[in-house]
Amino acid sequence: MKKNKILIIAAHPDDEVLGCFGTMARYIQQGHDIFTLILGEGKTSRENENHSKDQEILEEELSKANNFLGVKKVFRRFFPDNAFDKIPLLDIVKSIEEVKKEIQPNIIFTHYEKDLNIDHQITYKATITATRSMPKESVKEIYSFEILSSTEWNYPLSFQPDVFFDISSTLNLKLQAMSFYQSELKQYPHPRSLEGIKINAQYQGMRVGLQYAEAFKSIKVIK
């Protein structure tokens, strides 16, 4: 079996868990290498004066969640939260290209282009730009994931997944990883709650005859 190098490109800490950690847990169990790139700070846009302490807590949560799952390495950038549109796109593209050059991934998971969050939108655009189909490009597959409290909060609803990963055996690992993000978790019925995550996985699984699933939109698949 070919060993894949899979890169998650996410805007904020916890997006990687929400978007695809059930699927990543399966890949890790199968012997593939997973890497995470988080582009944004994640806290500075919120109404709280103690930004530095909040950011420190978030960084600890990010490390614990990824280490728990078995991610090989977390790459970190600190673009301003909810302000990626104030940064030259080329700067974000170059950050992705640097990581891509180091690890040479063949599969990428990233945001959906029409999420409500502007950072998600720009992360998607920068990812597509950084993985242009040039000769010797390592990336052969790109998938967009959904992020609860962003993908489904934009209207009109447009996320139409066409790839479903069975996470019936790994949902609990995803929930345990998300449990490390105590500063990000909300109480149900907020979608970014443990119960909300489980309900969404059940819904996506039900759509395709599975107990639990993660849903993705295929962006580019070269076979």
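Our structure is the block above this text.
Residues numbered from 1 in each chain as written. Predicted model: local features only at pLDDT ≥ 70, side-chain atom pairs only at ≥ 80, totals over all residues. Heavy atoms only, no water.

1. Considerations on the overall build of the protein
Within the protein, the regular secondary structure consists of 6 helices and 7 strands. Sequence-ordered secondary structure for the protein, helices as α and strands as β, is β-α-β-α-β-α-β-α-β-β-α-α-β. Computed over its C-alpha atoms, the radius of gyration of the protein comes to 16 Å, within 12% of the 17 Å expected for a compact globule of 223 residues. Taken along the three principal axes of its C-alpha coordinates, the protein extends 50 × 45 × 35 Å. Taking all 223 residues of the protein together, 53% fall into the buried category. (Helix = DSSP H or I, 4+ residues; strand = E, 2+ residues; numbered from the N terminus. Rg over C-alpha atoms; globule rule 2.2 N^0.38 Å. Buried < 20%, exposed > 50% of the residue type's maximum accessible area, 1.4 Å probe, protein only.)

2. A word on the packing of helix α1 (residues 15-29) against helix α5 (residues 171-179)
It is at 8 Å that the axes of α1 and α5 come closest, and there the two elements cross at 125 degrees. In this view, α1 runs oblique relative to α5, as classed from their interaxial angle. With respect to the hand of their crossing, α1 and α5 are arranged in right-handed fashion. Touching V17, L18, F21, G22, A25 and Q29 of α1 are L173, K174, A177 and M178, all from α5. (Axes fitted to C-alpha atoms, helices over the stretch in contact; angles between N-to-C directions. Parallel < 35°, antiparallel > 145°, perpendicular 65-115°, else oblique. Left-handed = near helix turned anticlockwise from the far one by under 90°. Contact = heavy atoms within 4.5 Å.)

3. Quick word on the packing of helix α2 (residues 51-69) against α5
Two elements in contact, α2 and α5, have axes whose closest approach is 8 Å; the angle formed by their N-to-C orientations is 155 degrees. What the angle tells us is that α2 and α5 run roughly antiparallel. Both α2 and α5 take part in a crossing whose hand is right-handed. Two secondary-structure elements touch here, α2 through A65, F68 and L69 and α5 through L173, Q176 and A177. Looking at the contact of α2 with α5, its residues break down into 5 nonpolar, 1 polar and no charged. (Nonpolar A, V, L, I, M, F, W, Y, C, P; charged D, E, K, R; others polar.)

4. What to know about the packing of aromatic side chains
Taken as a whole, this structure holds 9 aromatic pairs when the rule is applied. Taking the centre distance of 5.7 Å and the plane angle of 55 degrees together, the rings of F68 and F180 count as tilted. Here the residue F68 occupies a position in helix α2, and F180 occupies one in the loop between α5 and α6 (194-207), the gap between them amounting to 112 residues. Owing to a relative accessible area of 31%, F68 belongs among the partly exposed residues under this scheme. When the ring of F165 is compared with that of F216, the centres are 5.5 Å apart and the planes differ by 90 degrees; the resulting orientation is edge-to-face. Of this pair, F165 sits in strand β6 (residues 163-166) while F216 sits in strand β7 (residues 213-221); the two residues are 51 residues apart in sequence, bridging distant segments of the chain. In this structure, F165 and F216 share a single accessibility class: buried. Taken together, Y27, F109, Y143, F165 and F216 form an aromatic cluster joined through their ring pairs. (Phe/Tyr/Trp six-rings, centres within 6.5 Å; stacked < 30°, edge-to-face > 60°.)

5. Section: unusual backbone geometry
A negative phi holds for most residues other than glycine; trans holds for most peptide bonds. Geometrically, the link from Y155 to P156 is a cis peptide bond, its omega value of 0 degrees lying close to zero. Checked against the element boundaries, P156 lands in the loop between β5 (141-145) and β6. A cis amide bond links Y188 with the next residue in sequence, P189, at an omega value of 20 degrees. With a phi angle near 70 degrees, K136 is a residue other than glycine that sits in the positive phi range. Of note, K136 is situated in the loop between α4 (118-130) and β5. Take K136: its relative accessible area is 85%, and that puts it in the exposed class.

6. Here's the deal with the pattern of salt bridges
Under the counting rule described, the total for this entry stands at 11 salt bridges. Notably, a salt bridge pairs E102 with K73, separated by 3.2 Å at the nearest N-O pair. Of this pair, E102 sits in helix α3 (residues 89-103) while K73 sits in strand β3 (residues 73-79), and the two are 29 residues apart along the sequence. (Salt bridge = Lys/Arg side-chain N within 4 Å of Asp/Glu carboxyl O.)

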